[in-house]
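Analysis of the macromolecular model
Read off the chains here:
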Amino acid sequence: MKGIKTRLAIMNFLEFAVWGSYLVCLGNYLGRAGLGNDIALFYSVQGIVSIFMPAIMGVIADKYVQPQKLLGYCHFMAAIFMLGAWYYGVGHTTLDFWPFFTLYTLSVAFFMPTIALANTVAFSLLKSRGLDTVKDFPPIRVFGTVGFIAAMWFVNCFYMNDGSVGLSLVNPGGASADPRFQFTVNQLLVSSIISLVLFLYCLCLPQCACAGKGVQGKGLIAALGLDAFKLFRQKKMALFFIFSMFLGVSLQITNGFATPFISSFKAMPEYMDSFGANNATLLTSLSQISEALCILLIPFFLKRFGIKKVMMIAMAAWVLRFGFFGIGNPGSGVWLFILSMIVYGVAFDFFNVSGALFVEQETSPNIKASAQGLFMLMTNGIGATFGTLAAGAVVNYFCSWREVDGSAYQLGIPGTWGWEGAWLIFALYAAVVLVLFALLFKYKHVPERITRNEVAPAAGDPEGMTDM
């Protein structure tokens, strides 16, 4: 059994390294390339394609193509389009919006379903070998976060400049624009290469059965793979998915705006030489280190406290995540930034990973991949789309891109609250969602009934998960 866990750990490492190469630092590159005001649009794309692509791919994985093969095919297509975006960026110092945006969007459209597909592959292979997904999946998923961190560190430090290459924690170009990958289009090259490696790796994974192959004689809804939407008939599941959407609003805010925010301090004399301002991507990686550690806490918290309390803890952590950004700085207030990174692990894991496990336990075998796709739709799809666009409007109201010493920075607009106001508005939103969830989501948790190491029950008979 150790062998399959190792192989799934490698799969998760590569899966999230693809994303970590550009997710948190793309905004810095877009600002430098003349598309700083469009950061929200680029990050909202991840939400828009998640509205339909994970669900479609989940249906295909449930009924027609083995999930591990489909995972590889999606990564191949994502790599091809990301290579196209990189090549276009290399030839254009200032980007035209539509060519670059189109190539980037097509790549993301094929990447986003792979998150749910990777979960499906892991759950399928673990259960086929009699392993407990609640116990055995989180330690495997930790390696995804390790991959994300490794990619962040690499693009933070690696540079190619006038024929020289190397690693540096400061701008190796001196007064000129910083050539490290976290500020350049080369972050997309790193992502595409890893995607191609994962494509080849997926072809070597063990086979996963298609649970619903052969839809003859079934109704139209079943044939189209829309079975997962039946979960909305259950009040508990309907509320869970709705609040997942509301919490999904928070997911892309710091991905899109944390590094432009922290890097903006480089334009201020008192912070321009600080470690944090010069290594925003590396500093932000503390969030993923916290995430890796917090994943290991999920089995204990989920079994002891249940999904409601775990989700409430995640919502409270989002309040702190945004609030600490609003009052911190990379100088004397860097400790507040560090606290923000630490609580991110709780905010992300206690929502995303616990939510995926909850969906896995609550759904019947023939719709598990579709249900994971539905969870992605509500969180990274609808929620993240509206959240990112709204956050972009807030940030653009308080801040604008301006050139200082040859580099572009997103700085607060005089006469407004600047970045501080934007972060505190985001914190207030998360607090409102927390209060509403506590009042409306009715749930009774019975710890002793779900601590047994047994196969997850079918939908309609969820052990230890009862409506009040």
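It should be emphasised that the depicted structure is a prediction, and the values quoted were computed from it without experimental measurement. (Residues numbered from 1 in each chain as written. Predicted model: local features only at pLDDT ≥ 70, side-chain atom pairs only at ≥ 80, totals over all residues. Heavy atoms only, no water.)

Description of the overall build of the chain
If you tally the helices and strands in the chain, you get 18 helices and six strands. Residue burial in the chain is summarised as follows: out of 468 residues, 62% are buried. Taking contacts inside the chain between residues at least 6 apart in sequence as the whole, the part at least 24 apart equals 77%. (Helix = DSSP H or I, 4+ residues; strand = E, 2+ residues; numbered from the N terminus. Buried < 20%, exposed > 50% of the residue type's maximum accessible area, 1.4 Å probe, protein only. Contact = heavy atoms within 4.5 Å.)

Some details on the side chain of Ser340
Mapped onto the elements of the fold, Ser340 is located in helix H15 (residues 334-362). The contacts of Ser340, once residues within four sequence positions are left out, are Arg321, Phe324 and Phe325.

A look at unusual backbone geometry
Of note in the backbone geometry, Asp162 takes a positive phi value of approximately 55 degrees without being a glycine. Examined against the element boundaries, Asp162 turns out to sit in the loop between strand S1 (158-161) and strand S2 (164-167). With a relative accessible area of 79%, Asp162 lands in the exposed category.

Notes on the pairing of S2
Bridge analysis of S1 against S2 gives four bridges, and the strand direction is antiparallel. The residue of S2 that forms the bridge with Asn161 is Ser164. As consecutive antiparallel partners, S1 and S2 are separated by two residues, and within that stretch Asp162 has a phi angle of approximately 55 degrees, a positive value. (Pairing = 2+ DSSP bridges.)

Topic: the side chain of Asn28
With respect to the element layout, Asn28 can be found in helix H2 (residues 26-32). A polar side-chain atom of Asn28 sits 3.2 Å from a polar atom in the side chain of Ser263. Apart from the residues lying within four places of it in its own chain, the contact partners of Asn28 are Gln182, Phe183, Thr259, Pro260 and Ser263. (Polar contact = N/O pair within 3.5 Å; in protein donor to acceptor, adjacent residues only side chain to side chain.)

Here we look at the pattern of salt bridges
Inspection of the entire model under this criterion finds five salt bridges. Ionic pairing is found between Arg141 and Glu291, a salt bridge with its closest N-O pair at 3.2 Å. Remark: Glu291 occurs in helix H13 (residues 280-295) and Arg141 occurs in helix H7 (residues 133-157); sequence separation between them is 150 residues. Overall, the relative accessible area of 4% leaves Arg141 in the buried class. Overall, Glu291 belongs to the buried group, its relative accessible area being 5%. (Salt bridge = Lys/Arg side-chain N within 4 Å of Asp/Glu carboxyl O.)

Re the packing of helix H6 (residues 97-128) against H15
Contact geometry for H6 and H15: axes closest at 12 Å, N-to-C directions at 55 degrees. Classified by the angle their axes make, H6 and H15 are oblique. When the axes of H6 and H15 are compared, the crossing they make is right-handed. Where H6 approaches H15, its residues Asn119, Phe123 and Lys127 are matched on the opposing element by Ala356, Leu357 and Glu360. Tallied by class, residues from the contact of H6 with H15 come to three nonpolar, one polar and two charged. (Axes fitted to C-alpha atoms, helices over the stretch in contact; angles between N-to-C directions. Parallel < 35°, antiparallel > 145°, perpendicular 65-115°, else oblique. Left-handed = near helix turned anticlockwise from the far one by under 90°. Nonpolar A, V, L, I, M, F, W, Y, C, P; charged D, E, K, R; others polar.)

Points about the packing of aromatic side chains
For the structure shown, the criterion picks out 46 aromatic pairs. Summarising the aromatic geometry, the rings of Trp419 and Trp423 are spaced 5.9 Å apart at their centres and angled 20 degrees between planes, so their arrangement reads as stacked. A residue pair is termed a helical-turn pair when its members lie 3 or 4 positions apart in one helix, as Trp419 and Trp423 do in helix H17 (residues 418-440) at four residues. One aromatic cluster is present, built from ring pairs that chain together Phe261, Phe265, Tyr271, Trp318, Phe322, Phe325, Phe337, Tyr344, Phe348, Trp419, Trp423 and Phe426. When the ring centre of Phe16 is taken as reference, the NZ or CZ atom of Arg141 above it lies at 4.0 Å. (Phe/Tyr/Trp six-rings, centres within 6.5 Å; stacked < 30°, edge-to-face > 60°. Lys NZ or Arg CZ within 6 Å of the ring centre and 35° of its normal.)

Some thoughts on H6
The periodicity of an α-helix, 3.6 residues per turn, causes residues three or four places apart in sequence to face the same way. The terminal C-alpha atoms of H6, which comprises 32 residues, lie 47 Å apart, in line with the 46 Å expected from a rise of 1.5 Å per residue. At Ile115, H6 is deflected by roughly 30 degrees, the largest bend along its length. Among the 32 residues of H6, 23 are classified as buried, and the element is accordingly described as predominantly covered. Downstream of H6 by a residue or two, Gly130 has a phi angle that is positive, lying close to 75 degrees. (Expected span 1.5 Å × (residues − 1). Bend = angle between axes of the 7 residues up to and from the residue.)

What about H13?
For H13, with 16 residues, the first-to-last C-alpha span of 24 Å sits near the 22 Å given by 1.5 Å per residue. Across the 16 residues that make up H13, a large majority, 13, are buried.

Structural notes on the packing of helix H4 (residues 53-63) against H6
Orientation of H4 relative to H6, taken along the N-to-C sense of each, is 55 degrees, at an axis distance of 8 Å. The orientation of H4 with respect to H6, classified from their angle, is oblique. Crossing of H4 against H6: the hand is right-handed. Of the residues in H6, those touching H4 at Met53, Pro54, Met57 and Ala61 are Ala109, Phe110, Met112, Pro113 and Leu117. Of the residues assigned to the contact of H4 with H6, the class counts are nine nonpolar, no polar and no charged.

A short note on the confidence of the model for the chain
Predicted coordinates in areas of low pLDDT are best not read in detail. Here the chain averages 85 in pLDDT, while 90% of its residues score no lower than 70. For residues 213-220, every residue scores under 50 in pLDDT, and the model assigns this stretch eight contacts once sequence neighbours within four places are set aside. A low-confidence stretch, residues 448-468 stays under pLDDT 50, and its non-local contacts, those more than four residues away or across chains, total 43 contacts. (pLDDT = per-residue confidence, 0-100.)

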